[in-house]
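Chain residues, written in single-letter form:
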Amino acid sequence: MNMEGDNCDPDRPAHPGIFPAGEGGQSYHQPWERSMDFPVSVVLPAGGTGERTGLQTPKQFCSFLGRPLISYTIQSFERVSWIQSIVVVVAKENMDLMTDIIQRFQHRKVRVVPGGSTRHRSICNGVLALGGQGEEQERLPADKPKVVIIHDAVRPFVEEDFLYKIAMAAKEQGAAGAIRPLVSTVIATTSEGYLDHSLERARYRASEMPQGFTYDVIYQAYQRCTESDFDFGTECLHLALQYCGTNAKLIEGPPTLWKVTYKRDLAAAESIIKETLSRSACVITGGSAGAVTLADALQKAAGALDMELDVVPDLKGDNGRYLLKEWNFIQVSVNHSSLSEVESMLKDLEAASRALLHPLVVIWVHLSGSDELSVSGETPEPAAIADVASAAKLRNILLYGIQLHQSKDTERWERSVLRVAEITSALIRERSPALVGQLLQA
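Participant: Explain the sheet that holds strand S1 (residues 40-45) to me, and be specific about the residues and the numbers.
Facilitator: With mixed pairing, 7 strands are arranged side by side in an open sheet as S5-S4-S1-S6-S10-S7-S11. On the outer flanks of this sheet lie strand S5 (110-114) and strand S11 (249-252), each paired with one strand and no other. Neighbour-to-neighbour, the strand axes of the sheet open up by a mean angle of 25°, direction not taken into account. Its contacts with the sheet place helix H2 (residues 95-104) against strand S4 (83-90) and S5, and it is angled at close to 180° to S5. Against the sheet, helix H5 (residues 215-224) touches strand S6 (147-150) and strand S10 (205-214), its axis set at about 110° to S10.

So this is what it looks like as structure tokens:
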């Protein structure tokens, strides 16, 4: 029996762990990164109307943190180096909208094809496109993929390790799919609305996404299935079994595979992403001994707040990787009130040609007030940071300022550093436009 993933409790979405920080179209190659010796492509059906959200905009196009939901899902696949291409299938009336999203967020592995009147018809269009057939034939790669992964456009938190398991099992078995334990007991009712019988929950599983197939299996399944299957079916694994005799390998999936179904799920997804983006930052010291001392103290204080800080002198050479890796930066300045260091960092971010898929946070921490550390005695001008922040905001960079006064009293100094860490964590977590350009006191 095939069960939809909607049976998962929508009130308790699981945290995805680590949300990828990569840009659209970019894949970060880590030493532990997996590789494939066969081509893998993805079909993302995104033609739904999203009636259950109660919103006029289909849920896959609803935005949070300045970015539509479907772009998050695309990024989860696009960051995987061994996935060669992604086909997004949308309703014909949304083709231009989807094309604009791809261009605006610089997704580079993606193309759009028109969907059909039902879910299976849309997926079939995507599969045909990967094989060089259909309306998008002239834009397709020369070689069809060995494995096709099918995934819902509204499940943004899919992880590479699990995709790897699905792809490998699909290559070996012909088909593979994610499953999860049932949360609720499934019952059957009579035509009069009374209980007929219930199923033994332990014997059944919820069918989830992603699912993987060798290209030939999923292609033949759609060639052989009936019009009734196209009009009323929802389960691709069933088609592979019924029309190709391919018994899918079922793999227990992580709880992060939950689907955005209702309006409250959009808020949950936004909360998860904001929390994940707030977990780390890069602190730039400029090499100053005073700035390094403060950065080290901030690093220790931030650890108690479940936040990880990397401390570097600048963003040159090998440290330039942080320009593409991080979404949060803290510039520590000592002995002067000039914003030149921050302005230099902003130029570096612009030169990196980042597709700013999320609001990026830059916090300027200015240390002043110590006889040992203060040379000019100048204090930062709030108007100056406001002007720089206004220009940066146009590039989706949120700039904040914190002024910290040096104290010779050790206990007072430790309290002040902890206060800076708390303010920094809050600014990064909330990403509040209302506080952009303000100089906060710690």
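Participant: Requested: an account of the state of the cysteines, with residues and values cited.
Facilitator: Evaluated as defined, the whole model comprises 0 disulfides. There is no disulfide at Cys236, and the cysteine sulfur nearest it, in Cys225, is 9.8 Å away. By relative accessible area, which is 0% here, Cys236 ends up buried.

Participant: Talk me through H5; I want residue IDs and the actual numbers.
Facilitator: Considered for burial, the residues of H5 that qualify are Tyr215, Val217, Ile218, Tyr219, Ala221 and Tyr222. In this fold, the buried residues of H5 make contact with helix H3 (119-130), S6, S10, helix H6 (227-232) and helix H7 (236-244).

Participant: A description of the nonpolar core should follow, citing residues and the corresponding values.
Facilitator: Counting 66 residues, the largest nonpolar core has Leu294, Leu315, Phe329, Leu349, Val362 and Ile363 as the members making the most contacts within it. Listed in part, the 38 residues of the second largest apolar core include Ile86, Ile102, Phe105 and Ala176.

Participant: Residues and numbers for the sheet that holds strand S12 (residues 280-284), please.
Facilitator: With parallel pairing, 6 strands are arranged side by side in an open sheet as S13-S12-S14-S15-S16-S17. Strands with a single pairing partner mark the edges of an open sheet, and in this sheet they are strand S13 (308-312) and strand S17 (439-441). Strand after strand, the sheet turns through a mean of 25° between neighbouring axes, direction not considered. As paired elements, S12 and strand S14 (residues 328-334) share 3 bridges and run parallel to each other. Its bridge partner being in S14, Cys282 is matched across the sheet by Phe329. Contacts from helix H9 (residues 289-303) reach S12, S13, S14, strand S15 (360-368) and strand S16 (397-405) within the one sheet, and its direction differs from that of S13 by about 165°. Here helix H13 (residues 410-430) sits on the sheet and contacts S12, S14, S15, S16 and S17; the angle it forms with S16, its principal contact strand, is near 170°.

Participant: An account of the pairing of S14 is requested, with residue identities and associated values reported.
Facilitator: Buried residues dominate S14, accounting for 7 of its 7 residues. In the sheet, S14 pairs with S15 via 7 bridges, with the strands oriented parallel. Its bridge partner lying in S15, Val334 is registered against Leu367.

The rules behind the values
- Residues numbered from 1 in each chain as written.
- Predicted model: local features only at pLDDT ≥ 70, side-chain atom pairs only at ≥ 80, totals over all residues.
- Heavy atoms only, no water.
- Pairing = 2+ DSSP bridges.
- Helix = DSSP H or I, 4+ residues; strand = E, 2+ residues; numbered from the N terminus.
- Axes fitted to C-alpha atoms, helices over the stretch in contact; angles between N-to-C directions.
- Contact = heavy atoms within 4.5 Å.
- Disulfide = S-S within 2.5 Å.
- Buried < 20%, exposed > 50% of the residue type's maximum accessible area, 1.4 Å probe, protein only.
- Core = buried A, V, L, I, M, F, W, Y, C linked by side-chain atoms within 4.5 Å.

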